[in-house]
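The residues making up each chain are set out below.
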Amino acid sequence: MSVRKSIPVDLHTRPVDLNHVVNLLEDRFSCNLVDRHLHALKRVVKHYQFGFPIKDLVQVFKILNLCAEKVRDQDAYIQPICEVLKLCGLPFLKEKSSDESNFAQVVSESISQMGYLLRVPSAEVRLQICDSIMRLYSKEPPKQEFEEYYPTSKSYNMQMIEESGVVETLIMGLTLVGSQPEVKLQIIQTLQCLSYSSAMNCNLMLNAQAASKICRSLNDPDPSGQLLFWSSEVLWNLLEQASKKELVNQLSNFECINALKEAFLNQMVNGYSLSDRQLRNDLLVITTSLAEHPMIPMIETGFTKLLIMFAAFPEVKSHNPLVHGLKISSSNEDFEMKKLFFNLLVALINDLASIQLLSEGGALLALFHYVKPNENPGVRYWSPAQFEELQLHALATLISVAPVMVDDYMNCQGNTRLLLLLDWCVNQDPYFGKGNSFHAAGGRGSKKAQKHYCLRLLRSMASLGEELINQNLYDQGVIPQLLDVLKGMTNSLEEETKINLDMQTDILIILSSICEHDIHRKELFGAFGVEIVIKLLKIDPTKFYSGIGHNRLLLSTVDCIWCCIVGCSTAEDSFLEMGGIFLLLDFLEASSKRMHNLILGTLLELCDNSKTIHHINVWRGKNDSTAASLLLYLWREEEKEMRVKRDAQGRILDAKKPLIGIMQDEYGITTLPANCLSPAVIDVSENSRVKIYSIFCKLGFEDLPGLSAYDYITLAIVHRYLDFKVGGVWNEIEKEFKQEAVHPINPDLESMHIITKHYENLGRQLAQHQTDILENQQKQILYDEQQMYAEIKHNHKQRELSKKSWQKYVARTSNHKILKEAKKHQEHTIESSKLKKKGLNINVRTTQIGGLYTTGFWGRLVTIESTPPELLGGPLSPVNLKIKGTCRNGAAMKSADAGNEIKNKSCSVSIK
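Source: prediction; values computed, not measured. (Residues numbered from 1 in each chain as written. Predicted model: local features only at pLDDT ≥ 70, side-chain atom pairs only at ≥ 80, totals over all residues. Heavy atoms only, no water.)

Q: Explain the overall build of the chain here, please?
A: Per the secondary structure count, the chain includes 42 helices and six strands. Among the 912 residues that make up the chain, the fraction classed as buried is 46%. Contacts in the chain between residues far apart in sequence, at least 24 positions, make up 75% of those at least 6 positions apart. As displayed, the chain offers around 48,100 Å² of accessible surface, 52% of which is attributable to carbon and sulfur atoms. (Helix = DSSP H or I, 4+ residues; strand = E, 2+ residues; numbered from the N terminus. Buried < 20%, exposed > 50% of the residue type's maximum accessible area, 1.4 Å probe, protein only. Contact = heavy atoms within 4.5 Å. Areas by Shrake-Rupley, 256 points an atom, 1.4 Å probe, with all protein chains shown as cover.)

Q: Please explain the pattern of salt bridges as it appears in this structure.
A: It is possible for side chains of opposite charge to pair when their charged atoms get near one another. Inspection of every chain in the model, using the stated rule, returns 30 salt bridges. D220 serves as the salt-bridge partner of K184, at 2.4 Å between the closest nitrogen and oxygen. On the criterion of sequence distance, the pair formed by K184 in helix α10 (residues 181-195) and D220 in the loop between α12 (210-216) and α13 (227-241) is long-range, its members being 36 residues apart. K184 gets classed as buried once you look at its relative accessible area, which sits at 13%. Relative accessible area serves as the criterion here: at 29%, D220 is assigned to the partly exposed category. Among the ionic contacts, a cluster of salt bridges with common partners joins R277, R280 and D334. (Salt bridge = Lys/Arg side-chain N within 4 Å of Asp/Glu carboxyl O.)

Q: Would you explain helix α27 (residues 498-515) in this entry?
A: Since the α-helix packs 3.6 residues into each turn, any two residues three or four apart lie on the same face. The terminal C-alpha atoms of α27, which comprises 18 residues, lie 26 Å apart, in line with the 26 Å expected from a rise of 1.5 Å per residue. Burial analysis of α27 places 16 of its 18 residues in the buried class, the great majority of the element. (Expected span 1.5 Å × (residues − 1).)

Q: Looking at this structure, how should I read the side chain of Q504?
A: Among the structural elements, Q504 can be located in helix α27. On the accessibility criterion, Q504 (8% relative accessible area) is buried. Not counting chain neighbours up to four residues away, the residues in contact with Q504 comprise L486, M489, T490, L536 and L553.

Q: Help me understand helix α38 (residues 709-719) in this model?
A: Here α38 lies mainly inside the structure; eight of its 11 residues are buried. Of all the positions in α38, only A709, D711, I713, T714, L715, A716, I717 and V718 are classed as buried. In this fold, the buried residues of α38 make contact with α34 (627-642), α37 (689-699), α39 (721-739) and α40 (746-814).

Q: So what exactly am I meant to see when it comes to the packing of α13 against helix α16 (residues 274-291) here?
A: Two measures define how a pair of helices packs: the angle their axes make with one another and the distance between the axes. Contact geometry for α13 and α16: axes closest at 10 Å, N-to-C directions at 35°. Once α13 is placed against α16, the crossing between them reads as left-handed. Together, L228, F229, S232, E233, L235, W236 and L239 of α13 and L279, D282, L283, V285, I286, S289 and L290 of α16 make up the contact between the two elements. A per-class count over the contact of α13 with α16 returns 10 nonpolar, two polar and two charged. (Axes fitted to C-alpha atoms, helices over the stretch in contact; angles between N-to-C directions. Left-handed = near helix turned anticlockwise from the far one by under 90°. Nonpolar A, V, L, I, M, F, W, Y, C, P; charged D, E, K, R; others polar.)

Q: When you look at the nonpolar core in this model, what are you seeing that I'm missing?
A: Ranked by size, the top nonpolar core spans 240 residues in total, and within it L191, L238, F341, F575 and F696 carry the most contacts. Ignoring anything within four residues of it in the chain, the contact list for F696 reads A628, L631, L632, F701, L704, L715 and V718. (Core = buried A, V, L, I, M, F, W, Y, C linked by side-chain atoms within 4.5 Å.)

Q: Teacher, can you tell me more about the confidence of the model for the chain here?
A: Any region with low pLDDT has predicted coordinates that should not be read closely. Within the chain, residue pLDDT values average 85, and 88% of them lie at 70 or more. Every residue in residues 1-13 is under pLDDT 50, and counting partners more than four places away or in other chains gives 23 contacts. Contacts for the low-pLDDT stretch residues 876-912, under 50 throughout, to residues beyond four places or in other chains number 50 contacts. (pLDDT = per-residue confidence, 0-100.)

Q: Please explain the environment of L486 as it appears in this structure.
A: Looking at the secondary structure, you find L486 in helix α26 (residues 478-491). On the basis of relative accessible area, L486 is assigned to the buried category, the value being 1%. Between the C-alpha atom of L486 and that of I532, which follows or precedes it by 46 residues, the distance is 7.7 Å.

Q: How should the packing of α26 against α27 be read in this particular structure?
A: Running from N to C, α26 and α27 cross one another at 155°; their axes reach a closest spacing of 10 Å. Considering the angle they form, α26 stands roughly antiparallel to α27. Classified by chirality, the crossing of α27 by α26 is left-handed. When α26 is examined against α27, the residues V478, I479, L482, L483, V485, L486, M489 and T490 are found in contact with a partner set consisting of N500, M503, Q504, I507, L508, I510, L511, I514 and C515. Looking at the contact of α26 with α27 residue by residue, the classes come out as 14 nonpolar, three polar and no charged. (Parallel < 35°, antiparallel > 145°, perpendicular 65-115°, else oblique.)

Q: What should I look at first to understand the packing of aromatic side chains in this one?
A: Remark: the centre distance and the inter-plane angle together describe each pair of aromatic rings, the angle taken between the planes. Taken as a whole, this structure holds 14 aromatic pairs when the rule is applied. Between the aromatic rings of F264 and F303, the centroid separation amounts to 6.2 Å while the plane-to-plane angle is 55°, which identifies the pairing as tilted. A residue pair is termed long-range when its members are at least 10 positions apart, and F264 in helix α15 (residues 254-270) and F303 in helix α17 (residues 303-312) qualify at 39 residues. Both residues of the pair, F264 and F303, count as buried. Ring-pair connections join several aromatic residues into one group, and the members of that group are W635, Y693, F696, F701 and Y721. Taking the ring centre of W424 as reference, the NZ or CZ of K447 above it sits at 4.7 Å. The ring of W635 carries R689 above its face, with NZ or CZ at 5.8 Å from the centroid. (Phe/Tyr/Trp six-rings, centres within 6.5 Å; stacked < 30°, edge-to-face > 60°. Lys NZ or Arg CZ within 6 Å of the ring centre and 35° of its normal.)

Q: Looking at this structure, how should I read the side chain of Q267?
A: Of note, Q267 is situated in helix α15. Owing to a relative accessible area of 9%, Q267 belongs among the buried residues under this scheme. If near-sequence neighbours (up to four positions away) are discounted, Q267 is found in contact with L228, D276, L279, R280 and L283.

Q: Explain a positive patch on the surface here, please?
A: A contiguous patch of positive charge on the surface is contributed by K656, K735, K738 and K757. By the secondary structure assignment, K757 is in helix α40. (Patch = residues over 30% accessible without salt bridge, like charges linked within 9 Å, V, L, I, M, F, W, Y side chains within 5 Å. Lys, Arg positive; Asp, Glu negative; His and termini not counted. Charge placed at Lys NZ, Arg CZ, Asp CG, Glu CD.)

Q: Quick question: what am I supposed to make of the environment of I713 here?
A: With respect to the helices, strands and loops of the structure, I713 is situated in helix α38. Linking I713 and I773, residues 60 residues apart in sequence, is a C-alpha distance of 7.1 Å. Not counting residues up to four positions away in its chain, the partners in contact with I713 are Q649, G650, R651, Q770, I773 and L774.

Q: Sorry, what's going on with unusual backbone geometry here?
A: Working note: non-glycine residues mostly have negative phi, and peptide bonds are mostly trans. Cis geometry marks the peptide bond from F313 to P314, where omega comes out at 5°. Along the polypeptide, P314 turns up in the loop between α17 and α18 (332-348). Positive phi, normally seen in glycine, also occurs at Q413, with a value near 55°. Summarising the element assignment, Q413 is placed in the loop between α22 (406-411) and α23 (414-426). Unlike most non-glycine residues, N623 shows phi in positive territory, near 55°. Here N623 is to be found in the loop between α33 (610-618) and α34. By relative accessible area, which is 81% here, N623 ends up exposed.

Q: Is there a simple way to think about the state of the cysteines in this case?
A: Formally, a disulfide is one covalent bond, and it connects the sulfur atom of one cysteine to the sulfur atom of another. All chains considered together, the criterion is met by zero disulfides. Looking at C454, it has no disulfide partner, and the nearest cysteine sulfur is the one in C425, 5.8 Å off. With a relative accessible area of 0%, C454 lands in the buried category. (Disulfide = S-S within 2.5 Å.)

The following block contains the structure:
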């Protein structure tokens, strides 16, 4: 809850009328009444001791400006001005919330007027102006409310100061206070306060040339010893908040850089206290930020050479007298300085002219001083934890610096040093890493961080394509060494982390860079390397977007197949034997579009091996899809993304532009020089259609398994891809001629029309062929449907016949009359089938069985289903097959010779 306070008012005086005070100061009849003026000003200060209302600011600053004019003749006005300015450092007062927006312009202009009062040639007034501006900007307003008034918020005050542009006035005021060092220091402190968190103030300061003015004054006389510190703080704020381009433009002159060089050299050589070393490091940070821009005259002023000498000390000895008495301890400030020098070396390589100075200063040798096992580093300056951090930082610096200094890298035997460090990283000797830095993330208690940066540096050097480096790595046995490391990582049960995946990726890239153009190195990669690649190919493609590096690992794995396996027959055969083609096709089916181009390119290269074609044809994917159908699906997806004109069935709609997408068509034809590629040619490298076409050229366009009619429609386009592409180029030539108003001679023009017409007719013929494919498909579907209906009809007919046969059979067994008719029909049929001619020597046998009294048609052997024994009881007797009309099984017979009656009541007989 806010506390209300009333503004105390002197009971013996009348309320202050600011207009009356203004008139008193302006009136020519009272202009010399100094005592009355001072008394009136004292009453104003006493009345507004809690701050000025927003509505009265116009009169208040009018009074201040009048007093400022009188100071020239009368110093007595200085004290009242300071007292009024002190009240201006308090939050302004408002009667209602809308006053802030209604009087915003008044407040902004008033603060601007406060800055203009720096013209008063009084150190006391200038100091008070700076103090009031800082308090108004940074101090929180009181929470209590006064009678009828509320203080403005801190954010409002900050906003008004930013909009007033008072920082520009303060910068311009620096030129007025050359003889007042304490005022200059106070202005710099004020600028530091205003620029700490305000980008707007920083940019306004740059508009007033703040960077140039402050940098030039770094070494000005300063009794307090604080000017350099506060100036560096302001420059640091400008680097972080303001426009970097404008800042560099202001500092890119010899005077500024010489001033910065002198300030840094003084702190480097003569600074011994803790604050001196901290200030030295701050200046080094500012210098590093500026060194990133080649337009800064670092080399011309000799600053670069000086910095490189300090950066390489004490690892590289120097005879320069500046470093003879220089001592570097293991203190935090010196340790921080060493790391800052590493960052500076990275910044310096942005200017190619600095590389020669880096080479002469032994920068690479100083960095390689830390590329050694940590067991016995032999460095007396640093503790083990500090050495580990510097070691990792040096490796990170070498990743950027070594690729531009290849000769120095080889002279320092960089490959040998790195391979020895890598060998130490992978051995089983215990090592407890401190893991105290950014570069040691994830490597605490192990050598993982060292291995990570060692592999990253090897990758940077191998990726340069310098045969001297790669041959040196090959001669030192880097291929089997890296394969052993990679196998250990893939077989490890350790959790997959970003660092582990990054290291595997780096190894694959190194191997790809070394083996890409040398068949002997690919042979050394051999089956052992293929086995590791096969294992990596089995990574679940859904992890591609895991966010920890699976995408890079999968990309580098496919690239390794292309560079280390393709082209070497033994490696290719091993890859095929281990099912590599199947895994590549599985990966192609499951991966995202970003991977398709690389995988298709690898498959195309492998298709030069005749054994690959069989593997591709044998492969089956999801839903039993074939490789041909998968490739055609990818072709359709590519054209869908390009928005090529196709109908719902995939047929060609525009015979003139069968391969051109809508976006490319809308782009149109532009006049290009002869050495520039046209859009039709560029299209070949921008999508994967040409790779799919080339693979089909290896597979063939006929007798492909598992294709639907939809696939055949797409296959027809793929088959004519090259023809359509040539036609597209001729169309571009024709349009360019029209656009450039070039008229070929009649024979050439006629030939061009014939060619374009031919390819257009080819597109129409293909569209008609696609229509025929659809019609044949419809006919086949109709024929299959009719066949299915015929089969259903035949099945129903058979069921009817079977039903009628059963009904006749039942009728014969239940109706004696029907049985006799059937018997007669049977005998008539038998008689009619006999030969009518006599005299032939033919033995005619009877077709009937005598004594048969059943209703079926029987042969001489029958199978009898017995009455269940649980109904008759007793063992079953054997059957005498010679007895006619008896049951074989299930009959309870006492004696076959006696001819007793059969006691079973039911006996079913079936023909055998």
